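Results of the structural survey
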Amino acid sequence: MTAEPAWEVPLADPAVVRTPDGWIAYGTGPVRDGLAVPAAFSSDLQQWEGIGNVLEALPSEAGDSYWAPEVCHRDGAWWMYYSVGHDDRGHRVRVARAEHSRGPFRDQGLVLTPDELFAIDASPCRLPDGSWWLFFARDVLEHERPGTHLAAAPLPTPTTLGETVPVLEPYADWQIFERDREMYGSTYTWHTLEGPHVVVRDGMLLLTYSGGSWQGPGYRTAWAHASTPVGPWTLPEAGEDVLLATDEEFIGPGHNSCTVGPDSQDVIAFHAWDAELTGRFMHLRELRVGTDPARLSVRR
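As the structure is a prediction and not an experimental result, all values here were calculated from the model.

The rules behind each value
Residues numbered from 1 in each chain as written. Predicted model: local features only at pLDDT ≥ 70, side-chain atom pairs only at ≥ 80, totals over all residues. Heavy atoms only, no water. Helix = DSSP H or I, 4+ residues; strand = E, 2+ residues; numbered from the N terminus. Rg over C-alpha atoms; globule rule 2.2 N^0.38 Å. Buried < 20%, exposed > 50% of the residue type's maximum accessible area, 1.4 Å probe, protein only. Contact = heavy atoms within 4.5 Å. Areas by Shrake-Rupley, 256 points an atom, 1.4 Å probe, with all protein chains shown as cover. Pairing = 2+ DSSP bridges. Axes fitted to C-alpha atoms, helices over the stretch in contact; angles between N-to-C directions. Core = buried A, V, L, I, M, F, W, Y, C linked by side-chain atoms within 4.5 Å. Salt bridge = Lys/Arg side-chain N within 4 Å of Asp/Glu carboxyl O.

Some words on the overall build of the protein chain
When you go through the protein chain residue by residue, the secondary structure sums to 0 helices and 21 strands. In terms of overall size, the protein chain behaves like a compact globule, its C-alpha atoms giving a radius of gyration of 18 Å where 300 residues would be expected to give roughly 19 Å. Reported as C-alpha extents along the three principal axes, the dimensions of the protein chain are approximately 45 × 45 × 45 Å. Counting only residues that meet the buried cut, the protein chain has 57% of its 300 residues in that class. Look at the contacts in the protein chain between residues 6 or more apart in sequence, and 46% of them connect residues 24 or more apart. For the protein chain, the exposed surface amounts to about 12900 Å²; the carbon and sulfur share of it is 47%.

Structure representation (structure tokens):
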């Protein structure tokens, strides 16, 4: 029997952010009445209530699919990083701004990843030295495991992206999205790493990410660590890298974010399918974090 979700409404790719009065979960969902990005509020991480869609949608030529928003507070405003494209093609990372965490978020008219074939799942991260970086996923074709890889770039201002550096490439068969997938005029055994999110602790960067196909039970969440965004990134021993995988509680758990709970405990938010495979729902669990040695695990 699958676990009960934190909220009874589907919310894929949940990005849970602490605000002055509680927590807001932003996610992937359909555009309604000219607004994208469904969101919900909780004062305690226990009870959730929907607050509607919070991002003003762009003209239709920009796309019809709004994916995987993440939000941070910086320079006195709230900034949302998200991608938009047509179905699952042509996505680019963009940025929107709001005065309040509940929105409305307004796009700033900028594509942050204009040189990428495809870019999604942008996650802002502030480092101990005060600098900001943006982690995201992008398509890479010239590789022994072609597909969607992880990357990062400096974010010197909320709307400016520096030079991109590779972070992590697919390294295992469980990260195969689809064999014989037609992409960019060719056919590939397509691999996917996506949904990067970083927890910073004691000067260490602990990266969580998902791999495989979000559409089924093979989807998993894993982790790696480094001292800087440019790496080198270290993977745990084979098998120890996986944080979440399909089991008696969850089907296809993945695309997570991390926050801090009411008692200062680390919390991981992720989605998983319901038993009937009708939607992806948000789940919350305690995240155990260690730095000597580096360690992440999910408490059940």
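Notes on the pairing of strand 10 (residues 132-140)
Where burial is concerned, most of strand 10 is hidden: 8 out of the 9 residues are buried. Sheet analysis places strand 9 (residues 119-126) next to strand 10, joined by 6 bridges and oriented antiparallel. Within the sheet, the bridge partner assigned to Cys-125 lies in strand 10 and is Trp-133. Hairpin connection, strand 9 to strand 10: the antiparallel pair is bridged by 5 residues, and Gly-130 has positive phi, about 95°. Judged from the 8 bridges that link them, strand 10 and strand 11 (residues 147-154) form a sheet pairing that is antiparallel. When the bridges of strand 11 are listed, Trp-133 appears paired with Pro-154. Linking two consecutive strands that pair antiparallel, namely strand 10 and strand 11, is a turn of 6 residues.

Section: the sheet that holds strand 5 (residues 65-74)
Sheet architecture is open: 4 strands sit in the order 5-6-7-8, paired in antiparallel fashion. This sheet does not close on itself; its edge strands, each paired only once, are strand 5 and strand 8 (106-111). Put simply, the sheet's adjacent strands are angled 30° from each other on average, direction ignored. In this sheet, strand 6 (residues 77-86) lies alongside strand 5 in antiparallel orientation, the contact comprising 8 bridges. Note on strand 6: the bridge partner recorded for Tyr-66 is Val-84.

Digging into the nonpolar core
Phe-135, Leu-150, Val-167, Leu-168, Leu-207, Tyr-209 and Trp-233 are the most contacted members of the largest nonpolar core, which totals 23 residues. Looking at this core, the elements that each hand over two or more residues are strand 9, strand 10, strand 11, strand 12 (165-168), strand 14 (186-201), strand 15 (204-211) and strand 16 (220-226). With sequence-adjacent residues up to four places away left out, Leu-168 is seen in contact with His-149, Leu-150, Leu-193, Leu-207, Tyr-209, Ala-224, Trp-233 and Leu-235. Val-17, Phe-41, Tyr-66 and Ala-96 belong to the second-largest nonpolar core, a separate cluster that totals 19 residues.

As for the pattern of salt bridges
If you walk through the whole model with that rule in mind, you get 14 salt bridges. Linked through salt bridges whose partners overlap, the residues forming this network are Asp-88, Arg-89, Glu-178 and Arg-181.

Quick look at the pairing of strand 16
Consecutive side chains along a regular strand alternate between the two faces of the sheet. Burial runs high along strand 16: 6 of the 7 residues are buried. Relative to strand 16, strand 15 runs antiparallel, the two being bridged by 7 bridges. Following the sheet pairing, Leu-207 is matched in strand 16 by Ala-224. Of the pairings in the sheet, the one linking strand 16 to strand 17 (residues 242-244) comprises 2 bridges and is antiparallel in character. Across the sheet, residue Thr-221 finds its bridge partner in strand 17, namely Leu-244.

Re unusual backbone geometry
Of note, the bond from Gly-231 into Pro-232 is cis; its omega dihedral lies within 30 degrees of zero at 10°. Position of Pro-232 relative to the elements: it lies in the loop between strand 16 and strand 17. Geometrically, the link from Asp-292 to Pro-293 is a cis peptide bond, its omega value of 5° lying close to zero. By the element assignment, Pro-293 lies in the loop between strand 20 (280-291) and strand 21 (294-298). Notably, Asp-87 is not glycine yet its phi reads approximately 55°, a positive angle. Within the fold, Asp-87 resides in the loop between strand 6 and strand 7 (89-98).

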